[in-house]
Amino acid sequence: QVQLVESGGGLVQPGGSLRLSCEASSSIVSAHTMGWYRQVPGKQRELVEMINNGGIANYADSVKGRATVSRENSKNTVYLQMHSLKPEDTAVYYCNIKYFRGTYWGKGTLVTVSS
């Protein structure tokens, strides 16, 4: 079992930026894909951005040009950097990592974009 712990959420003003972190309890070197989803109450969880082991990104049109997923293997950590935040980016953000042995989710971190 792999534990994922997200951090970095909070209140951000419109137009601001954030960096979310996701620390895994196991090495991420062998992970197939990693990245972030988000969910607003009453709506389905949706993709923000995922990267594969080759660094190829798959992202939602709504965050195109504003979001970047990166990894730091030495710290078993995946990051989400977002800028030009909008109120509609308000959601609980979940880290997701897929290994050959299974897919794992964090418990989520709330991001609120409001003035």
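For clarity, every value in this text was computed on a predicted model and none was experimentally measured. (Residues numbered from 1 in each chain as written. Predicted model: local features only at pLDDT ≥ 70, side-chain atom pairs only at ≥ 80, totals over all residues. Heavy atoms only, no water.)

For the rest of this paragraph, the subject is the overall build of the chain. When helices and strands are tallied, the chain shows 0 helices and 11 strands. Mapped from its N terminus to its C terminus, the chain presents α and β elements in the order β-β-β-β-β-β-β-β-β-β-β. Taken over the C-alpha trace, the chain has a radius of gyration of 13 Å; the compact-globule value for 115 residues is 13 Å, and the two agree within 12%. Oriented by its inertia axes, the alpha-carbon framework of the chain measures out at about 40 × 25 × 25 Å. (Helix = DSSP H or I, 4+ residues; strand = E, 2+ residues; numbered from the N terminus. Rg over C-alpha atoms; globule rule 2.2 N^0.38 Å.)

What follows deals with the sheet that holds strand 8 (residues 77–82). Taken in spatial order, the 4 strands of this open sheet run 1-3-8-7, and their pairing is antiparallel. Bordering the open sheet on either side are strand 1 (4–7) and strand 7 (67–72), each of which pairs with just one other strand. Direction aside, the axes of adjacent strands within the sheet are offset by 20 degrees on average. By the bridge criterion, 6 bridges tie strand 7 to strand 8 in an arrangement that is antiparallel. (Pairing = 2+ DSSP bridges. Axes fitted to C-alpha atoms, helices over the stretch in contact; angles between N-to-C directions.)

Turning our eyes to something else, we now look at the side chain of R38. Position of R38 relative to the elements: it lies in strand 4 (residues 33–39). With a relative accessible area of 5%, R38 lands in the buried category. For R38, the side chain forms a polar contact with the side chain of S62, separated by 3.3 Å. Only 2.9 Å separates the side chain of R38 from the side chain of D89, close enough to count as a polar contact. (Buried < 20%, exposed > 50% of the residue type's maximum accessible area, 1.4 Å probe, protein only. Polar contact = N/O pair within 3.5 Å; in protein donor to acceptor, adjacent residues only side chain to side chain.)

With 29 residues, the main nonpolar core has W36, L80, Y93 and I97 as its most contacted residues. When residues of this core are traced back to their parent elements, those giving at least two are strand 3 (18–24), strand 4, strand 5 (46–52), strand 7, strand 8, strand 9 (91–99) and strand 11 (109–113). At 5 residues, the largest contribution of residues to this core is made by strand 9. Once residues lying within four places of it in the same chain are set aside, the contact partners of Y93 are E6, L20, W36, Y37, R38, V48, L80, M82, G108, T109 and V111. (Core = buried A, V, L, I, M, F, W, Y, C linked by side-chain atoms within 4.5 Å. Contact = heavy atoms within 4.5 Å.)

Our next topic: unusual backbone geometry. One non-glycine residue, N76, lies in the positive phi region at around 50 degrees. With respect to the secondary-structure elements, N76 resides in the loop between strand 7 and strand 8. The residue S84 is not glycine, and still its phi comes out positive at about 50 degrees. For S84, a relative accessible area of 36% puts it in the partly exposed group.

This part is about the state of the cysteines. Under the defined criterion, the tally for this structure stands at 1 disulfide. In this model, C22 is linked to C95 through a disulfide, with the two sulfur atoms separated by 2.1 Å. Measuring handedness by torsion sign, the sulfur bridge of C22 and C95 sits at about -80 degrees and is left-handed. Within this pair, whereas C22 is found in strand 3, its partner C95 is found in strand 9, the two being separated by 73 residues in sequence. Each of the two residues, C22 as well as C95, counts as buried. (Disulfide = S-S within 2.5 Å.)

None of this, on its own, says anything about what the molecule does.
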